[in-house]
Amino acid sequence: MANITLKNNPITTSGNLPTVGVQAKNFSLIGKDLDEVTLDDFQGQRIVMNIFPSVDTGICAISVRTFNEKAAELTNTKVLCISRDLPFAQNRFCGDENIDNVLTLSDFANGSFGKDYGLTIIDGILANLHSRCIVVLDESHKIIYTEQVSEITSEPDYEKALAVLY
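Residues numbered from 1 in each chain as written. Predicted model: local features only at pLDDT ≥ 70, side-chain atom pairs only at ≥ 80, totals over all residues. Heavy atoms only, no water.

## Describing the overall build of the protein chain
The cut-off we apply is this: Put simply, DSSP H or I for four residues or longer makes a helix, DSSP E for two residues or longer makes a strand, and each gets a number counted from the N terminus. Each radius of gyration reported is based on C-alpha atoms, and the globular scaling rule is 2.2 Å times the count of residues to the power 0.38. Exposure is judged per residue with a 1.4 Å probe applied to protein chains only, and the accessible area is read against the type maximum: over 50% gives exposed, under 20% gives buried, and values in between give partly exposed.
For the protein chain, the helix and strand inventory stands at four helices and nine strands. Helices (α) and strands (β) of the protein chain occur, in sequence order from the N terminus, as β-β-β-β-β-α-β-α-β-α-β-β-α. On C-alpha atoms alone, the protein chain measures out to a radius of gyration of 14 Å, which is about the 15 Å that the 2.2 N^0.38 rule sets for 166 residues. Referenced to the eigenvectors of the C-alpha coordinate spread, the extents of the protein chain come out at roughly 40 × 35 × 30 Å. Expressed as a percentage of the 166 residues in the protein chain, the buried residues total 51%.

Here's what the structure looks like:
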């Protein structure tokens with residue numbers, strides 16, 4: 001379990017992020033059109049997973065905007081912004097913000113992605129949401145970078161996460 005904080009108050013996740021070098025576990029998430037999206041849908045492409053509690057909070061929104069800007073510069077790479085928000089909220093946010101270089105995916109149905117990747121918050125006021133993490137996969141979907149952000153109100157290290165792709 002990862003010990004992280006929310007405004008310096010301790011909270012815990014359901015596990016630890018997968019280890020660099022292992023094959024990423026397949027997932028089933030819900031896309032903007034309420035369709036199922038799996039890791040297998042991105043065969044041969046690199047993946048940046050920007051994972052966060054809710055797109056309707058300040059830092060989460062900043063991370064989606066930032067990765068949207070950076071995604072325009074990446075080749076053979078998909079940026080997936082993953083939360084437990086309903087797809088309707090994700091779509092509203094992306095429409096209002098002109099976000100079109102990233103894919104928003106929802107784990108609202110059963111939270112299996114968060115459980116499988118060990119990043120579900122298990123206590124505190126954000127219980128059952130996802131902690132703020134970055135997971136980067138190569139073309140074969142091996143994990144090449146992870147970051148569990150230790151303070152939920154802090155941004156991830158965008159440059160370090162993207163540096164593994166260059």
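Right, picking up where we left off after that structure.
## A word on the side chain of H141
Test applied: Two residues qualify as a contact provided that any one of their heavy atoms is within 4.5 Å of a heavy atom in the partner residue.
Of note, H141 is situated in the loop between β8 (133-137) and β9 (143-148). Residues within four places of H141 in sequence aside, it is in contact with V22, Q23, A24, L39, F42, Q43, Q45 and I47.

## Things to note about the pairing of β8
Rules: The rule for pairing is simple: two strands pair if DSSP sees at least two bridges between them.
A large share of β8 lies buried, amounting to five of its five residues. The side-chain alternation of β8 yields two buried faces, one formed by C133, V135 and L137 and the other by I134 and V136. Judged from the five bridges that link them, strand β5 (residues 46-51) and β8 form a sheet pairing that is antiparallel. Following the sheet pairing, I51 is matched in β8 by C133. The pairing of β8 with β9 spans five bridges and is antiparallel. Within β9, the residue paired with C133 across the bridge is Q148.

## Focus: a nonpolar patch on the surface
For the record, the criterion: A residue counts toward a patch only above 30% relative accessible area and without a salt bridge, and it is joined to like-charged neighbours within 9 Å or, for Val, Leu, Ile, Met, Phe, Trp and Tyr, to nonpolar neighbours within 5 Å. Here the accessible surface of atoms and residues is derived via Shrake-Rupley with a 1.4 Å probe, and residues count as covered only by protein chains that are part of the display. When a carboxyl oxygen of Asp or Glu is within 4 Å of a side-chain nitrogen of Lys or Arg, the pair counts as a salt bridge.
Among the surface-exposed residues, L34, L86, F88 and F108 lie close enough to one another that they form a single nonpolar patch of about 390 Å² accessible area. Mapping F108 onto the fold places it in the loop between β7 (103-106) and α3 (112-116).

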